[in-house]
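# Descriptive structure summary
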Amino acid sequence: MVELTRLNNQVFTLNALYVEQVQSFPDTTITLVNGKTIVVKEAEATVKERITDFYRQVGLAPATVKESNGRRGSE
């Protein structure tokens, strides 16, 4: 679970396992696997870092692909 802040300053906890993508439009927009989108105050890099930290905490870090030169290894 990662703690984030909506644009109205409401803090909430998101289950990072349901995150499909994180983008900046310029606001950071998180798209979940069910298609729902959430806009947050945190920068895209901060959200990615928190999600990666969560994966490490639950033992899923080895399953994540490290980014290299801005591109993922599986692309």
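Here is a short report on the structure shown in this document. (Residues numbered from 1 in each chain as written. Predicted model: local features only at pLDDT ≥ 70, side-chain atom pairs only at ≥ 80, totals over all residues. Heavy atoms only, no water.)

## Regarding the sheet that holds strand β3 (residues 19-24)
Under the convention used in this document: By this definition, two strands are paired if DSSP reports at least two bridges between them. Under the DSSP-based scheme used, a helix requires at least four consecutive residues in state H or I and a strand at least two consecutive residues in state E, with every element numbered from the N terminus. A fitted line through C-alpha atoms represents every axis, and for helices the fit uses only the stretch in contact; the resulting angles, taken between N-to-C directions, go from 0 to 180 degrees. A contact between two residues is defined here by any heavy atoms of the two lying within 4.5 Å.
Strand order in the open sheet formed by three strands is β3-β4-β5, with antiparallel pairing between adjacent strands. Edge positions in the open sheet fall to β3 and β5 (37-40), since each of these has one partner strand only. On average, adjacent strands in this sheet sit at an angle of 20° to one another, irrespective of strand direction. Sheet analysis places β3 next to strand β4 (residues 28-32), joined by five bridges and oriented antiparallel. Within β4, the residue paired with V22 across the bridge is I30. Contacting β3, β4 and β5, helix α1 (residues 44-57) runs over the sheet at an angle of about 155° to β3.

## Concerning unusual backbone geometry
A cis amide bond links F25 to the next residue, P26, at an omega of 15°. Note that P26 resides in the loop between β3 and β4. At N9, a position not held by glycine, the phi torsion is positive, near 70°.

## Digging into the packing of aromatic side chains
Where we set the bar: For Phe, Tyr and Trp, rings pair up if their centres lie within 6.5 Å, where Trp contributes its six-membered ring, and each pair is then called stacked (planes under 30 degrees apart), edge-to-face (over 60) or tilted (otherwise). For each residue, the accessible area found with a 1.4 Å probe, counting protein chains only, is set against the maximum for its type, and the residue is called buried under 20%, exposed over 50%, and partly exposed in between.
Evaluation of the coordinates by the stated rule reveals one aromatic pair. Taken together, a centroid distance of 6.2 Å and an interplanar angle of 50° make the contact between F54 and Y55 tilted. Residue F54 is classed as buried on the basis of its relative accessible area of 9%. Judged by relative accessible area, Y55 falls into the buried class, the value being 18%.

## A short note on the pattern of salt bridges
Basically, it comes down to this: The working definition used for a salt bridge is a side-chain nitrogen of Lys or Arg within 4 Å of a carboxyl oxygen of Asp or Glu.
The tally for this structure, following the rule as stated, stands at three salt bridges. The salt bridge partner of K48 is E44, with a shortest N-O separation of 3.3 Å. Residue K48 and its partner E44 are both found in helix α1; the two are separated by four residues, about one turn of the helix. On the accessibility criterion, E44 (22% relative accessible area) is partly exposed. Residue R56 is joined to D53 by a salt bridge in which the shortest nitrogen-to-oxygen separation is 3.1 Å. In this pair, R56 and D53 are both assigned in helix α1, three residues apart and thus about one turn of the helix distant.

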